[in-house]
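Observations on chain architecture
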Amino acid sequence: MDDEIRRVLREHGKLPCQVETLDEDADLFEAGLTSHASVNVMLALEEAFDVEFPEPMLRKSTFESIGAIRHALTTLTAAGVPS
Amino acid sequence: MSTRLGHAPDDAAEAVFRAGLVDAGVLLETGVEGLYGHSAAYQQIVEALDAMVGRWAAELGATAVHFPPVVSRATFDDTNYLQSFPDLMGSVHVFRGDDRAHSELLRRVASGADWQSLLEPAEVVLASASCHPVYPLCTGRLPEGGRLFEIHGWCFRHEPSVDPARQQAFHMHEVVHVGTPESAERHRDQGLERGLAMLGDLGLEMASVAANDPFFGRLGTIMAEGQIEEALKLEGVTPICSVERPTAVMSANCHRDHFGLPFSIETADGSVAHSSCVAFGVDRIALALLHAHGLTPARWPAGVRARLWP
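Residues numbered from 1 in each chain as written. Chains lettered and ligands numbered in written order. Predicted model: local features only at pLDDT ≥ 70, side-chain atom pairs only at ≥ 80, totals over all residues. Heavy atoms only, no water.

1. Considerations on the interface of chain B and chain A
Using the following cut-off: Should any heavy atoms of two residues lie within 4.5 Å, those residues are counted as being in contact. Each of two parts loses accessible area, computed with a 1.4 Å probe, when they are put together; buried area is these two losses added. For salt bridges, the criterion is a side-chain nitrogen of Lys or Arg within 4 Å of an Asp or Glu carboxyl oxygen. Each helix is a run of H or I in the DSSP string that is no shorter than four residues. Each strand is a run of E no shorter than two, and both are numbered from the N terminus. Each residue is assigned to one class: nonpolar for Ala, Val, Leu, Ile, Met, Phe, Trp, Tyr, Cys and Pro, charged for Asp, Glu, Lys and Arg, and polar for all the others, Gly among them.
Tallying the contact residues gives 16 residues for chain B and 17 residues for chain A. Across the chain B to chain A interface the summed buried area is about 1500 Å²; carbon plus sulfur atoms make up 56%. When the buried area of chain B at its contact with chain A is split by residue, Arg218, Ile222 and Glu225 of chain B rank highest and sum to 41% of it. Across the contact surface, chain B and chain A share four salt bridges. Close ionic contact of Lys60 of chain A with Glu230 of chain B constitutes a salt bridge, the shortest N to O distance being 3.2 Å. Among the elements of the structure, helix H4 (81-84) and helix H8 (217-230) of chain B are those that each provide at least two residues to the side of chain B that touches chain A. The element best represented in the side of chain B that touches chain A is H8 of chain B, accounting for ten residues. A per-class count over the side of chain B that touches chain A returns four nonpolar, seven polar and five charged.

2. A closer look at the side chain of His173 of chain B
Residues and elements named next belong to chain B. Put simply, the test is: Using a 1.4 Å probe on the protein chains alone, a residue whose accessible area is under 20% of its type maximum counts as buried, one over 50% counts as exposed, and one in between counts as partly exposed. Any pair of N or O atoms that falls within 3.5 Å is considered a polar contact. Within protein, one atom must be able to donate a hydrogen and the other to accept it, and sequence-neighbouring residues count only if both atoms are side-chain atoms.
Note that His173 resides in strand S9 (residues 169-179). Judged by relative accessible area, which is 0%, His173 ranks as buried. Here the side chain of His173 touches Glu150 through a polar contact of 2.8 Å, side chain to side chain. Beyond its immediate stretch of four places on either side in the chain, His173 contacts Asp50, Val53, Gly54, Glu150, Ile151, His152, Val278, Ala279, Phe280 and Val282.

3. Looking at H8 of chain B
One turn of the α-helix equals 3.6 residues, which is why residues spaced by three or four share an orientation. Residue and element names in this part refer to chain B. The line we're drawing: Here the expected span of a helix is defined as 1.5 Å times the quantity of residues minus one.
Over its 14 residues, H8 runs 20 Å from end to end, which matches the ideal 20 Å to within 8%, given 1.5 Å per residue. Of all the positions in H8, only Leu219, Gly220, Ile222, Met223, Glu225, Gly226 and Gln227 are classed as buried. In the stretch just after H8, Ala231 is the one whose phi turns positive, near 45 degrees.

4. Brief notes about the state of the cysteines
Which entries qualify depends on this criterion: In this description, a disulfide is simply a cysteine sulfur pair whose atoms lie within 2.5 Å.
As enumerated under the stated definition, the model contains zero disulfides over all chains in all. As a non-bridged cysteine, Cys17 of chain A has Cys254 of chain B as the owner of its nearest cysteine sulfur, 20 Å distant. With no disulfide of its own, Cys277 of chain B lies 4.6 Å from the sulfur of Cys131 of chain B, the closest cysteine sulfur. Using a relative accessible area of 5% as the deciding quantity, one classes Cys277 of chain B as buried.

5. Regarding the layout of surface pockets
The cut-off we apply is this: Cavity means a closed set of points on a 1 Å grid over the protein atoms alone, one where a 1.4 Å probe fits but cannot get out, pocket means an open set with protein on both sides within 12 Å along at least 5 of 7 lines, and lining means a residue has an atom within 4 Å of a point. Grid points are joined across faces, edges and corners, and a volume is the space filled by probe spheres set on the points.
Estimates place the volume of the largest pocket at around 840 Å³. His36 of chain A together with Asn253, Cys254, His255 and His258 of chain B are, among the 43 residues lining the largest pocket, the residues nearest its centre. Among the elements of the structure, helix H2 (35-49) of chain A together with H4, S9, H8, strand S12 (247-256) and strand S14 (274-281) of chain B are those that each provide at least two residues to the lining of the largest pocket. Element by element, the count of residues in the lining of the largest pocket is highest for S12 of chain B, at five residues. A class-by-class count of the residues in the lining of the largest pocket yields 19 nonpolar, 16 polar and eight charged.

6. Quick notes on the packing of helix H2 (residues 40-60) of chain B against helix H9 (residues 282-293) of chain B
All names here are of chain B. Stated precisely, the cut-off is as follows: Note on definitions: angles span 0 to 180 degrees between N-to-C directions of axes, and those axes are lines fitted to C-alpha atoms, for helices only across the stretch in contact. Roughly parallel refers to an angle under 35 degrees, roughly antiparallel to one over 145, roughly perpendicular to one between 65 and 115, and oblique to any angle outside these ranges. Left-handed is the label given to a crossing in which the near helix is rotated counterclockwise from the far helix by less than a right angle, and right-handed is the label when the rotation is clockwise.
Between H2 and H9, the least distance of the axes is 9 Å, while the angle of their chain directions is 120 degrees. Regarding the angle of H2 to H9, the classification is oblique. H9 is crossed by H2, and the crossing has right-handed handedness. Residue-level contacts link Tyr42, Ile45, Val46, Leu49 and Asp50 of H2 to Val282, Asp283, Ile285, Ala286, Leu287, Leu289 and Leu290 of H9. Broken down by class, the residue content of the contact of H2 with H9 amounts to ten nonpolar, no polar and two charged.

7. As for the confidence of the model for chain A
Predicted coordinates in areas of low pLDDT are best not read in detail. This is how it is decided: For every residue, the predictor reports its confidence as pLDDT, a number between 0 and 100.
Scored by pLDDT, chain A comes out at a mean of 89, with 94% of its residues at no less than 70. In the model of chain A, helix H3 (residues 66-79) of chain A stands out as the element of lowest mean pLDDT, 90, in contrast to helix H1 (residues 2-12) of chain A, which has the highest, 93.

8. Let's talk about the packing of aromatic side chains
Basically, it comes down to this: By convention, a stacked pair of Phe, Tyr or Trp rings (six-membered ring in the case of Trp) has centres within 6.5 Å and planes under 30 degrees apart, an edge-to-face pair has planes over 60 apart, and any other such pair is tilted. Sitting over a ring, as applied to charges here, requires NZ of Lys or CZ of Arg to be within 6 Å of the ring centre and within 35 degrees of the ring normal.
Under the definition given, this model contains nine aromatic pairs over all chains. Each ring, one from Phe76 of chain B and one from Tyr81 of chain B, has its centre 5.8 Å from the other, and the planes form 50 degrees; the classification is tilted. Residue Phe76 of chain B is classed as buried on the basis of its relative accessible area of 2%. Considering the side-chain rings of Phe85 of chain B and Phe215 of chain B, the 5.1 Å spacing of their centres and the 15 degrees angle between planes classify their relative orientation as stacked. Here Phe85 of chain B, found in the loop between H4 and strand S5 (91-94), pairs with Phe215 of chain B, found in the loop between strand S10 (207-210) and H8; they are 130 residues apart in sequence, far enough to count as distant. Classification of Phe215 of chain B by relative accessible area gives buried; the value is 15%. The ring of Phe29 of chain A carries the charged tip of Lys60 of chain A above its face, separated from the ring centre by 4.4 Å.

Next up, the structure:
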């Protein structure tokens, strides 16, 4: 899952640093993720994992780190939320 | 410019203000909510405000450029406006059919049927913001110190409303800087301060607030949270119809690399350029002045008149 998250961040996050070097707890917004880019990351994650983030998860904190994204995706895929 | 501020739940005060403007012949109704013609007196206020902002821009050494109120579709795509405000944009559609399609078009018009579906998108969309055409001008390497533009013109945003301060077609006047992260923030901050002072000098009670734009849909939830948190965009607000819900009449917005990246703009040292703009909602300022000082500019306070018509 982490590889796929990192791929999405690489392709859609427009981060000024190497995604591979980011620790899973590193703050992505501090690393340069903008609000605009975080929205593109969200859409790409939905497509990649065939999920839809529900309203309460539409927060910047959901996407603040690789670990946070994994946690959100795990919750969604475990709950079997349809896309 | 923000678009939600000043939007009333019942619009009562806005409707009363509009009725006064229409009765006085200042706004000329068109049958479409939020679309007006303007009297000569109104136009003189608009031109005076343009000249006032123009004097400031000249003082800064800005290059004045002029563009039509339509923007190339390719430029528009690169502005990423559709991500944030798909519901506000307007697209230009044209007829590209043959004689047979023309006959069909006329039949549909005559019978009151839908003829628009025979049209196709043109190469242009309506301008959503005045500053959009300047970014393609900057593609490539910027000179030391970046670039500074003055640009004004008609913009379109589809948000029909009884509030005269929320017009679908309106005049925006911007001073845009493209440069480094530091110079972009500096332009925003200095422009906000100067803009607030200029409008305050016209007798408007100004305050500055963090912008709260009406980002669209579920993606908008994240965008709105980011905008407030990052405080990249500030607005100058003044009460027009409501003290509790003042209207944004100017904004100062740091875009970071939002335009620098898609338009491939580099600073003199080769890094991605940042940009910022100071935008004046000229119609809203004109309306705020009419509300504050009365519908007859000849009777406005001498100090205000002297600043507008020096």
